[in-house]
Amino acid sequence: MVRLITHNMLACHVRNCNKDNFPLIFSEVELVIRETPENLDFIRRFLPKLDWTALVDTARSLGDTTLPDEQPVEMTDDQLRALHHVLMEMHVEEGNMTCRGCGHVYPISNGIPNMLLAEHEVGR
Amino acid sequence: MPKPVPTPYIPPSTDPSIAEQSTVHDVYEAIAPHFSQTRHKPWPLIDRFLSSQPPLSLGLDSGAGNGKYLVTAGSYGLDLIALDRSAGLLDIARRQSGRKGVNGDEALWECVRADLGFKGWRQGVFDFAISIAAIHHLSTPLRRQEAVQALLQPLRHSSKRPYARFMIYVWAYEQGAASRRKMGAVAVVPDGQTESAEVDKVQDVLVPWVLQAQEGQTESQVFQRYYHLFVAGELRDLVSSAAEAEGYRVLQGDDRSGGCLRGTDKWLRIRAEGWEADNWWIEGEVGLGEVDRQDERTPVEADGNGQG
């Protein structure tokens, strides 16, 4: 599944695509919400790695508006629960992820994003 | 039909990506379900490596195949993302057990389809990374080095413990007497010669995979997979080259020169390495600045198993 936690870690890797290559923009999405056991310690541990703005923009593009614009300095448990839902329970099953920089489209099929590039597109 | 033996590798194309398509990727797609049936049991050192990661760590399994280490990672309370080139294997990996859903259901694992040299991960997102029996499928030294670089790039670089760790396994050229792989049989036989003369062993080989006849078929099929067999010291050299290309200072074993590292210097330390059951393995860690050696935990080979 492309959960939003994974989406938050993936950038475009086309050769010489260095600008606006993150986050990838979802389109034609089939979204599935799968309830997942809450593990707020895992979420706390992931916080330093999180790109907040990318997550908020992406969640909103998928219709979830529970996260505030700015990352709270101290997260309450309720805020962590909202974050858990967005990161761990929102799954994109089918659709596309498009790079804003170069326009490359990464398709998602059966919950698995295809990040393969043709050999000439690969950066060295 | 006699049991097929490994043969020397002659690249089917001068372009390594085209060569690997037919000698690695197409083969795994064709044999994925059968291959997966033979890959269940975790190798002990990798089990131990995973068990030593702090709970709730997030890791990358690069070249995850059927995702058997997802199950192991799940049993230790870790999260692990599977990366592989084969869609067929990832479809098996995502449905591996060990990830708890609600109401006791099994949940699906997260999988990403990409090459071992995939450079799309944001930096610093993984607490650990493994690449088990995968990098030996890349057919040039540069491609193998890029795979190691791609494994290091997304690791978290911390100035204090716990440091992010990685483990790599590859098939060894040096095969033990009890080996079932019979790599020693690899020999160059000139065309037209029926008896195998005593000739050089080769490091780049095709290893047959016999797929028994399926329903509606009369004959079994033999697929040839490409392997680069690593010689002693080669895996360490590969990791060192990859580290240097990524701008790391490479520290060896109990090297204490870490003291002269400045706060923003990236370092990579090889914690342990060895030969086990016809494989070479290496375990390392990466960090920033002065190396914190307090509370040093022993690496996985501590019981004397493996130092090669």
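The rules we used
- Residues numbered from 1 in each chain as written.
- Chains lettered and ligands numbered in written order.
- Predicted model: local features only at pLDDT ≥ 70, side-chain atom pairs only at ≥ 80, totals over all residues.
- Heavy atoms only, no water.
- Helix = DSSP H or I, 4+ residues; strand = E, 2+ residues; numbered from the N terminus.
- Rg over C-alpha atoms; globule rule 2.2 N^0.38 Å.
- Buried < 20%, exposed > 50% of the residue type's maximum accessible area, 1.4 Å probe, protein only.
- Contact = heavy atoms within 4.5 Å.
- Areas by Shrake-Rupley, 256 points an atom, 1.4 Å probe, with all protein chains shown as cover.
- Lys, Arg positive; Asp, Glu negative; His and termini not counted.
- Charge placed at Lys NZ, Arg CZ, Asp CG, Glu CD.
- Salt bridge = Lys/Arg side-chain N within 4 Å of Asp/Glu carboxyl O.
- Polar contact = N/O pair within 3.5 Å; in protein donor to acceptor, adjacent residues only side chain to side chain.
- UniProt positions renumbered as here; feature names shortened; annotations may be inferred.
- Pairing = 2+ DSSP bridges.
- Axes fitted to C-alpha atoms, helices over the stretch in contact; angles between N-to-C directions.
- pLDDT = per-residue confidence, 0-100.

### Considering the overall build of chain A
For chain A, the helix and strand inventory stands at four helices and five strands. If you list the helices and strands of chain A from N to C, you get β-α-β-α-α-α-β-β-β. Here chain A has a C-alpha radius of gyration of 15 Å; the compact-globule value for 124 residues is 14 Å, and the two agree. With 124 residues in all, chain A has 52% of them scored as buried. Counting contacts in chain A only where the partners sit at least 6 residues apart, residues at least 24 apart contribute 69% of the total. Total accessible area on chain A is roughly 5,800 Å²; 46% of this is exposed by carbon and sulfur atoms. Put simply, chain A has 11 plus and 19 minus side-chain charges, and the middle of one group is 7 Å from the middle of the other.

### Section: the overall build of chain B
Across its full length, chain B holds six helices and eleven strands. Looking at chain B residue by residue over its 308 residues, the buried ones come to 53%. Here the contacts in chain B between residues at least 6 apart in sequence split such that 68% fall between residues at least 24 apart. Summed over all atoms, the accessible surface of chain B reaches about 13,600 Å², with 51% contributed by carbon and sulfur.

### Considering unusual backbone geometry
With omega at -5°, the peptide bond leading from F22 of chain A into P23 of chain A counts as cis. By the element assignment, P23 of chain A lies in the loop between α1 (4–7) and β2 (25–33). Following R161 of chain B, the chain continues into P162 of chain B via a peptide bond in cis, with omega recorded as -5°. With respect to the secondary-structure elements, P162 of chain B resides in the loop between α5 (141–152) and β6 (164–171). One non-glycine residue with positive phi stands out, namely N16 of chain A, at about 65°.

### Overview of the interface of chain A and chain B
Tallying the contact residues gives 34 residues for chain A and 36 residues for chain B. In this structure, R3 of chain A and E110 of chain B form a salt bridge, with 3.4 Å as the shortest nitrogen-oxygen distance. Counting across the interface, chain A meets chain B through 15 residue pairs in polar contact (both at pLDDT 80 or more). Sorting elements by how many residues they give to the side of chain A that touches chain B places helix α2 (residues 40–46) of chain A first, with four residues.

### Here we look at the environment of G117 of chain B
Residues and elements named next belong to chain B. Mapped onto the secondary structure, G117 falls in the loop between β4 (111–113) and β5 (128–132). For G117, a relative accessible area of 29% corresponds to the partly exposed category. Placed 34 residues apart in sequence, G117 and L151 show a C-alpha to C-alpha distance of 8.0 Å. Discounting chain neighbours no more than four positions away, the residues touching G117 are E146, A147 and A150.

### Regarding the UniProt feature "domain: Methyltransferase type" (unreviewed entry) in chain B
Here, UniProt's "domain: Methyltransferase type" (unreviewed entry) annotation points to residues 60–144 of chain B. Here residues 60–144 of chain B runs as 22% helix and 20% strand, with 17 Å between its end C-alpha atoms.

### Here we look at the side chain of R165 of chain B
You can see R165 of chain B is positioned in strand β6. Setting aside residues up to four positions removed in sequence, R165 of chain B forms contacts with F49, Q53, D127, F128, A129, L155, R271, E283, G284 and E285 of chain B.

### Considerations on the pattern of salt bridges
Residue and element names in this part refer to chain B. One pass over the structure, following the stated rule, counts 24 salt bridges over all chains. Between D115 and R85 there is a salt bridge, and its shortest N-O distance comes to 2.8 Å. Of the two residues, D115 sits in the loop between β4 and β5 while R85 sits in the loop between β3 (79–84) and α4 (87–93), which places them 30 residues apart along the sequence. With a relative accessible area of 25%, D115 lands in the partly exposed category. Among the salt bridges present, the one from E285 reaches R165, with a minimum N-O distance of 3.0 Å. Of the two residues, E285 is situated in strand β11 (residues 279–288) and R165 in strand β6; the sequence distance between them amounts to 120 residues.

### Focus on the sheet that holds β4 of chain B
All names here are of chain B. Strand order in the open sheet made by the eight strands is β4-β3-β2-β5-β6-β11-β10-β9, with mixed pairing throughout. Every interior strand has two partners, whereas the edge strands, β4 and β9 (249–252), have only one. Between one strand axis and the next, the sheet turns by 20° as a mean value, whatever way the strands run. Where β6 meets β11, eight bridges bridge the pair, whose relative direction is antiparallel. Residue pairing for β11: I168 is matched across the bridge by I282.

### Some details on the confidence of the model for chain A
Residue-level pLDDT values for chain A average 95, and 98% of them are 70 or greater. Highest mean pLDDT in chain A belongs to helix α3 (residues 52–61) of chain A (98); lowest belongs to strand β1 (residues 2–3) of chain A (92).

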